[in-house]
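Chain residues, written in single-letter form:
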Amino acid sequence: ASAVARAPGEALAASTANVVRTAVAQAETPAEVREAAERTLSKSMLLAGGAVAASIVAALVLRPLLGPNWHEALAIVPILSISAFPSMLSWSSAVLQVRVGQGWHTLWAPLVGIAFAIAIAVAASTSLVLASYLVVARDLAVVTVAFWLARSAAPWRTYGLCWIVVGVLGLITYLMV
């Protein structure tokens, strides 16, 4: 279920980072880097919505094929798929950090993700739904740290939009579960 939920978003994150790398290549100042990244990432937010939709459709198709033993696991797909938004921004923030000469900062945000590992594992032992929301919270924490570290070049409007979209989708999935 995790692969179904996260694969489209992870593929989008990797390809978006490459597009951002190209978009900011000619930028001279952090402000120019931010503007180029904002243009690219704001469009990619729409694609992240498509990645979420693809994950949910895949789960709906798999549900009757896999049978009732998989229903609980497939129920977390909509929650985990929300991570497409912060993951895409996290991957791209590493490009921004490198572009403005702060490549060594790329090491810190993943450490935040690692710090969540124990809480996610403990939660998963009792509730896959709770663990899924912690995964989304981890990805939001990682992108927050990554953007703070790349703050001079970070596209803050897209970051704010990410929080709004994740919040709305999180509320919708909470009401569905």
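Remember, predicted model here, so these are calculated numbers, not experimental data.

Rules of the game
Residues numbered from 1 in each chain as written. Predicted model: local features only at pLDDT ≥ 70, side-chain atom pairs only at ≥ 80, totals over all residues. Heavy atoms only, no water. Axes fitted to C-alpha atoms, helices over the stretch in contact; angles between N-to-C directions. Helix = DSSP H or I, 4+ residues; strand = E, 2+ residues; numbered from the N terminus. Parallel < 35°, antiparallel > 145°, perpendicular 65-115°, else oblique. Left-handed = near helix turned anticlockwise from the far one by under 90°. Contact = heavy atoms within 4.5 Å. Nonpolar A, V, L, I, M, F, W, Y, C, P; charged D, E, K, R; others polar. Core = buried A, V, L, I, M, F, W, Y, C linked by side-chain atoms within 4.5 Å. Buried < 20%, exposed > 50% of the residue type's maximum accessible area, 1.4 Å probe, protein only. 1 Å grid on protein atoms, 1.4 Å probe; cavity = no way out; pocket = protein on both sides within 12 Å on 5 of 7 lines; lining within 4 Å. Points joined across faces, edges and corners; volume = space filled by probe spheres on them. Patch = residues over 30% accessible without salt bridge, like charges linked within 9 Å, V, L, I, M, F, W, Y side chains within 5 Å. Areas by Shrake-Rupley, 256 points an atom, 1.4 Å probe, with all protein chains shown as cover. Salt bridge = Lys/Arg side-chain N within 4 Å of Asp/Glu carboxyl O. Phe/Tyr/Trp six-rings, centres within 6.5 Å; stacked < 30°, edge-to-face > 60°. Lys NZ or Arg CZ within 6 Å of the ring centre and 35° of its normal.

1. Some remarks on the packing of helix α2 (residues 30-66) against helix α9 (residues 156-176)
In the contact formed by α2 and α9, the axes pass within 9 Å of each other and the chain directions differ by 20°. Relative to α9, the element α2 lies roughly parallel. Judged by the twist between their axes, the crossing of α2 over α9 is left-handed. The residues of α9 that touch α2, namely those facing Glu38, Leu41, Ser42 and Met45, are Trp156, Arg157, Thr158, Leu161, Cys162 and Val165. When grouped by side-chain class, the residues that make up the contact of α2 with α9 number 6 nonpolar, 2 polar and 2 charged.

2. Observations regarding the nonpolar core
Counting residues in each nonpolar core, the largest one holds 32 residues, and the members touching the most others are Val24, Phe85, Met88, Leu89, Leu96, Cys162 and Val166. The dominant element in this core, judged by the number of residues it contributes, is α2, at 8 residues. Sequence-distant contacts of Val24, that is, excluding residues within four places in its chain, are made with Val33, Ala36, Ala37, Val95, Leu96 and Arg99.

3. Observations regarding the layout of surface pockets
A probe matching the size of a water molecule, rolled over the atoms, marks out where space remains unfilled. Its volume calculated, the largest pocket comes out at about 330 Å³. Secondary structure elements with two or more residues in the lining of the largest pocket: α1 (2-24), α5 (84-99), α6 (108-115) and α8 (128-149). With 7 residues, α5 is the largest single contributor of residues to the lining of the largest pocket. The residue inventory of the lining of the largest pocket, partitioned by class, reads 8 nonpolar, 7 polar and 4 charged. Sorting the residues of the lining of the second largest pocket by element identifies α2, α3 (71-75) and α9 as the ones contributing at least two each. Residues belonging to the lining of the second largest pocket are distributed by class as follows: 11 nonpolar, 1 polar and 1 charged.

4. Description of a nonpolar patch on the surface
On the surface, a nonpolar cluster with roughly 570 Å² of combined accessible area is contributed by Leu161, Ile164, Val168, Ile172, Met176 and Val177. Along the chain, Ile164 turns up in helix α9.

5. As for the packing of aromatic side chains
Counting across every chain of the model gives 4 aromatic pairs. With a centroid separation of 5.7 Å and 80° between ring planes, the pair formed by Phe147 and Trp156 is classed as edge-to-face. Their ring planes at 25° and their centres at 5.4 Å tell us that Phe147 and Tyr159 sit as a pair that is stacked. Of this pair, Phe147 sits in helix α8 while Tyr159 is found in helix α9, placing the two residues 12 residues apart along the sequence. We note that Phe147, like Tyr159, is buried. An aromatic cluster of at least three residues, connected via ring pairs, comprises Phe147, Trp156, Tyr159 and Trp163. Just above the ring of Trp148 sits the side chain of Arg151; from NZ or CZ to the centre is 4.2 Å.

Fair warning: the whole summary comes from geometry, so function is off the table for now.
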